[in-house]
Amino acid sequence: MTSKNNGLSAALVSNLQDVLSKRKGGSDASPSEEAPSTSVAAKEEIDEDSRPIVLVTNGDGIDSPGLLSLVEALVSEGLYNVHVCAPQTDKSVSSHSMTPGETIAASSVIIKGATAFEVSGTPVDCISLGLSGALFAWSKPILVISGINQGSSCGNQMFYSGAVAGAKEALVSGVPSLSISLNWKKGESKESEFKEAVGVCLPLINATIRDIEKGVFPKDCSLNIEIPTSPSSNKGFKVTKQSMWRQSHSWQAVSANRHPGAGNFMSNQQSLGAQLAQLGRDASAAGAARRFTTQKKSIVEIESVGVAPKTESRVKKYFRLEFVAKNEEHTDEDLDIKALEDGFVSVTPLSLRPKMDSETEAAVSEWISKALNADQ
């Protein structure tokens, strides 16, 4: 038995030989019969402990099919030690928000082959907590993957995306990251397409981890991967630039008795601790509101149908925000949204470094100089 043949250190080989020689007297098997099986088992355990750690989060919540399909594929590869730290509910449009000053609950969940926690916070909370050392006893993961998100995060939509924010938070902490989204279309896309999307991006994930280990993956960089509708029929990968595209914001006036979330709040919560915490906050808010109304003018709730009438009472109206896809003509072949619409898998490098084109920078500098001189 040599370290050259089995990949084990000389010291470990020596220890294994000592153990085997002590057990030989109580076994009918010869050393040559017993040694290989024991050394293979030990090697497998060591290999499993030394596998690169991959941390997975997302914006859609830990039960979303995109995350579960991705984790299942990573576990099936058998190459990685997969950890999951994801929001317990949908936080897909939470941007880079965090939850300071409040208690965050992290509850273990069962995802076969992975170590997983659901967190009563945002994707950024999840990555910050996951990398802090407070939740997992580990060194830094080799890679953070955020996704697979249901819906495009192209262009300026990235500013709202919780999935992209989770990946960027990893980059802030010095960990390479990928954010992955599927261009989901309501009424057209199917849940099975998440598995297809995983199959499309898995080679890129493997290549990323391989090159990180080699030290040749670009530093200070995160990749935003956008997978087209009908992933299995994609036209290939295309390196793209972030566009200015975003979905339109549609604010809809709603009736006071249809206040979103009021009727189904409890059903959307998965943790009793989170329920109790929210009830406490609601009670505090209600108490504060009562105290406020005893000192101020009364609040009148009205149907949100137009401009609020002039009145001495304070008025409360209700609105709901929806994102609406815009039909635009995109001509620049290098833009993420154009590549996605043309059926390509868009891969956009993102950086934390401030970027401004030289022409804009020069114009701003000139304006600042003139403005300051004018005040003197």
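In the block above lies the structure referred to throughout.
For the structure given in this document, a descriptive report is provided here. Model, not experiment: these values are computed from the prediction.

A closer look at helix α5 (residues 123-132)
Counting buried residues in α5 gives seven out of ten residues, a clear majority hidden from the surface. Of the residues making up α5, those classed as buried are P123, V124, D125, C126, I127, G130 and L131. Packing partners of the buried residues in α5 comprise β1 (53-57), β2 (81-87), β4 (114-119), β5 (143-150) and α6 (162-172). Two residues or fewer after α5 comes G133, characterised by a positive phi angle close to 90°.

Section: the nonpolar core
One broad trend across soluble globular proteins is that nonpolar side chains are buried collectively. Judged by nonpolar contacts, the single largest core of 38 residues is most densely connected at V56, L74, V84 and I205. Looking at which element gives the most residues to this core, the answer is helix α7 (residues 193-214), with nine residues. Filtering out sequence-adjacent residues up to four positions away, L74 remains in contact with V54, V56, Y80, V82, I145, L202 and I205. By size, the runner-up hydrophobic cluster in this structure holds 13 residues, among which are L55, V119, L131 and V144.

A closer look at the sheet that holds β2
Read from one edge to the other, the open sheet built from nine strands follows the order β3-β4-β2-β1-β5-β6-β7-β13-β8, with strand pairing classed as mixed. Where the open sheet ends on each side, the last strands, each with one partner, are β3 (106-111) and β8 (237-239). Neighbouring strand axes in the sheet, compared pairwise and without regard to direction, differ in orientation by 20° on average. The pairing of strand β7 (residues 222-227) with strand β13 (residues 345-350) spans five bridges and is classified as antiparallel. Bridge assignment links L223 to a residue of β13, and that residue is P349. Where helix α4 (residues 65-77) meets the sheet, its contacts fall on β1, β2, β3, β4 and β5, and the angle it forms with β5 comes to roughly 140°.

Some remarks on α4
Spanning 13 residues, α4 covers 18 Å between terminal C-alpha atoms, matching the ideal 18 Å at 1.5 Å per step. All of the buried residues along α4 are G66, L67, S69, L70, V71, A73 and L74. Looking at the buried positions of α4, the neighbouring elements they touch are β1, β2, β3, β4, β5 and α7. The first or second residue beyond α4 is G78, which carries a positive phi of 70°.

What about the pattern of salt bridges?
Taken as a whole and assessed by the stated rule, the structure comprises three salt bridges. For K195, the salt bridge is made with E72, and the minimal N-O distance between the two is 2.9 Å. You can see K195 sitting in helix α7 and its partner E72 sitting in helix α4, a full 123 residues away along the chain. Note on E72: relative accessible area 43%, which makes it partly exposed. Put simply, K338 and D342 hold a salt bridge, and the shortest N to O gap is 3.5 Å. Look at D342 and you get partly exposed, because its relative accessible area is 25%.

Thresholds applied
- Residues numbered from 1 in each chain as written.
- Predicted model: local features only at pLDDT ≥ 70, side-chain atom pairs only at ≥ 80, totals over all residues.
- Heavy atoms only, no water.
- Buried < 20%, exposed > 50% of the residue type's maximum accessible area, 1.4 Å probe, protein only.
- Helix = DSSP H or I, 4+ residues; strand = E, 2+ residues; numbered from the N terminus.
- Contact = heavy atoms within 4.5 Å.
- Core = buried A, V, L, I, M, F, W, Y, C linked by side-chain atoms within 4.5 Å.
- Pairing = 2+ DSSP bridges.
- Axes fitted to C-alpha atoms, helices over the stretch in contact; angles between N-to-C directions.
- Expected span 1.5 Å × (residues − 1).
- Salt bridge = Lys/Arg side-chain N within 4 Å of Asp/Glu carboxyl O.

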